[in-house]
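A look at the structure
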Amino acid sequence: MTGNEPQPPPLQGIHHLKLPVSDLDTSLTFYERAFGGRRIPEADHRRASDGSLYAYILAVPGLGTALELRLDPERAERHRLFDPVTIAVRDRATLDAWDEYLTGQGIVHSEVITAIQAWLIVVPDPDGHRLRLYTLETHGPELTPDEDNPWVRST
């Protein structure tokens, strides 16, 4: 670059994440129990034509942005088993605490999995989106990633 080329205007981070869901209330209950999400009722999305509700906006502690649960059953089904969001946790000890918490809440999740550079837990939501909790703490090459684990295989 020579310095004379146009530069894009600045970005301000992620405004919010959006996941398609097949049932708003079922998904809301899951995200409240699993991640401490809190619905922001004044941000509910309703159709102007009939007032019908089609999205909840949630504040999720530590996520860093809002989470929109958008009613779209067909798209939710097409995205089943996809892992659209990976959420950072500090270290392996924090991941172990998440494993204990999720188990105590009766929430289905993977065991702690050795990933390429760190460790992770996979948490499927009611529509089968695979949310990942991934450690910022890394491990060395002496640990082999568990690439054959069914929780991380893409097919």
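The preceding data block contains the structure.
Residues numbered from 1 in each chain as written. Predicted model: local features only at pLDDT ≥ 70, side-chain atom pairs only at ≥ 80, totals over all residues. Heavy atoms only, no water.

Describing the overall build of the protein chain
When helices and strands are counted, the protein chain shows 3 helices and 9 strands. Secondary structure elements of the protein chain, listed N to C terminal, follow the sequence β-α-β-β-β-β-α-β-α-β-β-β. Principal-axis analysis of the C-alpha atoms places the extent of the protein chain at approximately 60 × 55 × 30 Å. Burial statistics for the protein chain: of 155 residues in total, 35% are counted as buried. Counted over contacts in the protein chain with a minimum sequence separation of 6, partners at least 24 positions apart contribute 55%. Working note: accessible area of the protein chain is about 9,600 Å², and carbon and sulfur atoms make up 52% of it. Taken together, the 15 basic and 24 acidic charged side chains of the protein chain have centroids lying 6 Å from each other. (Helix = DSSP H or I, 4+ residues; strand = E, 2+ residues; numbered from the N terminus. Buried < 20%, exposed > 50% of the residue type's maximum accessible area, 1.4 Å probe, protein only. Contact = heavy atoms within 4.5 Å. Areas by Shrake-Rupley, 256 points an atom, 1.4 Å probe, with all protein chains shown as cover. Lys, Arg positive; Asp, Glu negative; His and termini not counted. Charge placed at Lys NZ, Arg CZ, Asp CG, Glu CD.)

Notes on the pattern of salt bridges
Per the stated rule, a full pass over the model turns up 5 salt bridges. For arginine 70, the salt bridge identified is with glutamate 68, shortest N-O distance 2.6 Å. Arginine 70 sits in the partly exposed class, given a relative accessible area of 25%. Note on glutamate 68: relative accessible area 1%, which makes it buried. (Salt bridge = Lys/Arg side-chain N within 4 Å of Asp/Glu carboxyl O.)

A closer look at the nonpolar core
One finds Phe30, Tyr31, Phe35, Leu58, Val123 and Leu133 to be the most contacted residues of the largest nonpolar core, which totals 24 residues. For this core, the elements supplying multiple residues, two or more each, are strand S1 (16-21), helix H1 (24-35), strand S4 (53-59), strand S5 (66-71), strand S6 (86-89), helix H3 (92-104), strand S8 (119-124) and strand S9 (130-135). Non-local contacts of leucine 58, meaning those with residues more than four positions away in its chain, are made with Leu28, Tyr31, Gly37, Arg38, Arg39, Ile40, Ala66, Leu67 and Leu69. In this structure, Ile113, Leu120, Val122 and Trp151 belong to the second largest nonpolar core, which totals 5 residues. (Core = buried A, V, L, I, M, F, W, Y, C linked by side-chain atoms within 4.5 Å.)

Here's the deal with H1
Compared with an ideal rise of 1.5 Å per residue, which puts 12 residues at 16 Å, H1 spans 16 Å between its outermost C-alpha atoms and is within 8% of the ideal. When we look at burial in H1, the residues that qualify are Leu24, Ser27, Leu28, Phe30, Tyr31, Ala34 and Phe35. Angular distribution of buried residues about the axis of H1 spans 165 degrees; they occupy a single face of the element. Its side-chain oxygen at 3.2 Å from the backbone nitrogen of aspartate 25, aspartate 23 defines the N-terminal cap of H1. After H1 finishes, the residue glycine 36 shows a positive phi value of roughly 70 degrees. (Expected span 1.5 Å × (residues − 1). Arc of directions from axis to C-beta. Polar contact = N/O pair within 3.5 Å; in protein donor to acceptor, adjacent residues only side chain to side chain.)

Regarding H3
Counted at 1.5 Å a residue, the expected span for H3 with its 13 residues is 18 Å, and the 18 Å between its end C-alpha atoms agrees. Of the residues one or two after H3, glycine 106 is the one with positive phi, at around 70 degrees.

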